[in-house]
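# Structural overview for review
As a plain string of letters, each chain reads:
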Amino acid sequence: MRIAFVGAYGNGKTSLTTELSRKLGLERTHGSAMRDPAGGTPKALEETSEPELIQLAVRRFTERAVEEAAHPEGFLSDGSVLHEWVYSKVRLAVGRYPEPTDTLDAAVREPRTRLFEEVVDQLGLLAKEHARTGYDVFVHCPVEFPLPEGHDPISESFRTLSDELMLDILKTLDIPVHVVTGSFEERLNQILSIPGVSDSTA
């Protein structure tokens, strides 16, 4: 099976895909860290400008698509090709630290930001096209655990808005979506009980 794990930053995708790769014998796919855009000074994702953010999103989309294509027999995608689109859109609309009451629809965009967001939305259409044919099932890991103390590349409100947007996108794809909750072991058992997943064992 080609299983994509989705959810906001810090929601446990990496831990789950790492353990499931060991249990099922499926390859774990992921993109490189989103940092150090080409042609400029090395910098963290949080420090990138709008054009650099789009460059990094395109780079990671390409890496994911190529790596997934190398495993047609099945894989566990830590993120999915939709991840960078969601992150970029939320960041452009409300920034990394939106207020708890902020929404994507009501956010006021500067003309420059709106232009970049239109570009990101076009990239999102490509991501949806790939997702429709590239994945058999989605596993959504919702926000249940707070970010580690002192580690705040985004806010809790950003995570919530990202999750809401991701779920809205998944509803348009006609691909099964399984939401897993609880402790690590509880989530793991829920995933293994999804029809067809345990049959993926190498």
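Calculation criteria
- Residues numbered from 1 in each chain as written.
- Predicted model: local features only at pLDDT ≥ 70, side-chain atom pairs only at ≥ 80, totals over all residues.
- Heavy atoms only, no water.
- Helix = DSSP H or I, 4+ residues; strand = E, 2+ residues; numbered from the N terminus.
- Rg over C-alpha atoms; globule rule 2.2 N^0.38 Å.
- Buried < 20%, exposed > 50% of the residue type's maximum accessible area, 1.4 Å probe, protein only.
- Contact = heavy atoms within 4.5 Å.
- Areas by Shrake-Rupley, 256 points an atom, 1.4 Å probe, with all protein chains shown as cover.
- Expected span 1.5 Å × (residues − 1).
- Polar contact = N/O pair within 3.5 Å; in protein donor to acceptor, adjacent residues only side chain to side chain.
- Axes fitted to C-alpha atoms, helices over the stretch in contact; angles between N-to-C directions.
- Parallel < 35°, antiparallel > 145°, perpendicular 65-115°, else oblique.
- Left-handed = near helix turned anticlockwise from the far one by under 90°.
- Nonpolar A, V, L, I, M, F, W, Y, C, P; charged D, E, K, R; others polar.
- Phe/Tyr/Trp six-rings, centres within 6.5 Å; stacked < 30°, edge-to-face > 60°.
- Pairing = 2+ DSSP bridges.

### Overview of the overall build of the chain
The helix and strand inventory of the chain stands at six helices and five strands. Each helix (α) and strand (β) of the chain, taken in turn from the N terminus, gives the series β-α-β-α-β-α-α-β-α-β-α. Against the 2.2 N^0.38 benchmark of 17 Å for 202 residues, the chain shows a C-alpha radius of gyration of 17 Å, consistent with a compact globule. Looking at the 202 residues of the chain, the share that counts as buried comes to 48%. Across the chain, every contact between residues at least 6 apart in sequence was considered, and the portion connecting residues at least 24 apart equals 76%. By element, 54% of the accessible surface of the chain is carried by carbon and sulfur atoms, the whole surface being about 9,900 Å².

### Describing helix α1 (residues 13–24)
Spanning twelve residues, α1 covers 16 Å between terminal C-alpha atoms, matching the ideal 16 Å at 1.5 Å per step. Residues of α1 that are buried include every one of Lys-13, Leu-16, Thr-17, Glu-19, Leu-20 and Leu-24, and no others. Here the buried face of α1 lies against β1 (2–6), β2 (27–29), β3 (75–78), α3 (83–94) and α6 (184–192).

### Looking at the environment of Glu-27
Turning to its location among the elements, Glu-27 is positioned in strand β2. Each C-alpha atom of the pair Glu-27 and Gln-55 lies 26 Å from the other, and the pair is 28 residues apart in sequence. Leave out the neighbours within four places in its chain, and Glu-27 touches Ser-21, His-71, Gly-74, Phe-75 and Leu-76.

### Section: the side chain of Lys-43
Structurally, the position occupied by Lys-43 is in the loop between β2 and α2 (50–69). Here Glu-52 takes part through its side chain, which lies 3.1 Å from a polar atom of the side chain of Lys-43. Sequence-distant contacts of Lys-43, defined by excluding residues within four places in its chain, comprise Arg-35, Asp-36, Pro-37, Thr-48 and Glu-52.

### Some thoughts on the side chain of Ser-157
Topologically, Ser-157 is positioned in helix α5 (residues 156–170). Ignoring anything within four residues of it in the chain, the contact list for Ser-157 reads Pro-98, Glu-99 and Pro-100.

### Focus on the packing of α3 against helix α4 (residues 111–134)
Packed helices, taken two at a time, are described by their axes: the angle between them and the distance between them. For the pair α3 and α4, the least separation of the axes is 9 Å and the interaxial angle reads 165°. If you check the angle between α3 and α4, you find them roughly antiparallel. Seen along the crossing, α3 lies across α4 with a hand that is left-handed. Of the residues in α4, those touching α3 at Trp-85, Ser-88, Lys-89, Leu-92 and Ala-93 are Thr-113, Phe-116, Glu-117, Val-120, Asp-121, Gly-124, Ala-127 and Lys-128. Class assignment for the residues of the contact of α3 with α4 results in six nonpolar, three polar and four charged.

### Some thoughts on the packing of aromatic side chains
A full pass over the atoms with the stated rule returns three aromatic pairs. Between Tyr-87 and Phe-158, the ring centres sit 5.4 Å apart and the planes meet at 50°, which makes this aromatic pair tilted. A residue pair is termed long-range when its members are at least 10 positions apart, and Tyr-87 in helix α3 and Phe-158 in helix α5 qualify at 71 residues. Overall, the relative accessible area of 11% leaves Tyr-87 in the buried class. Classification of Phe-158 as buried rests on a relative accessible area of 1%. Summarising the aromatic geometry, the rings of Tyr-135 and Phe-138 are spaced 5.4 Å apart at their centres and angled 70° between planes, so their arrangement reads as edge-to-face. Phe-138 shares its class with Tyr-135; the two are buried. Site record: aromatic cluster; members linked through ring pairs are Phe-75, Tyr-135 and Phe-138.

### Quick word on the sheet that holds β3
The sheet built from five strands is open, its strands ordered β2-β3-β1-β4-β5 with parallel pairing. The open sheet terminates on both sides in strands that have one partner only, identified here as β2 and β5 (177–179). Strand-to-strand twist in this sheet, taken as the mean axis angle between neighbours without regard to direction, amounts to 25°. Relative to strand β4 (residues 137–140), β1 runs parallel, the two being bridged by four bridges. Residue pairing for β4: Ile-3 is matched across the bridge by Val-137.

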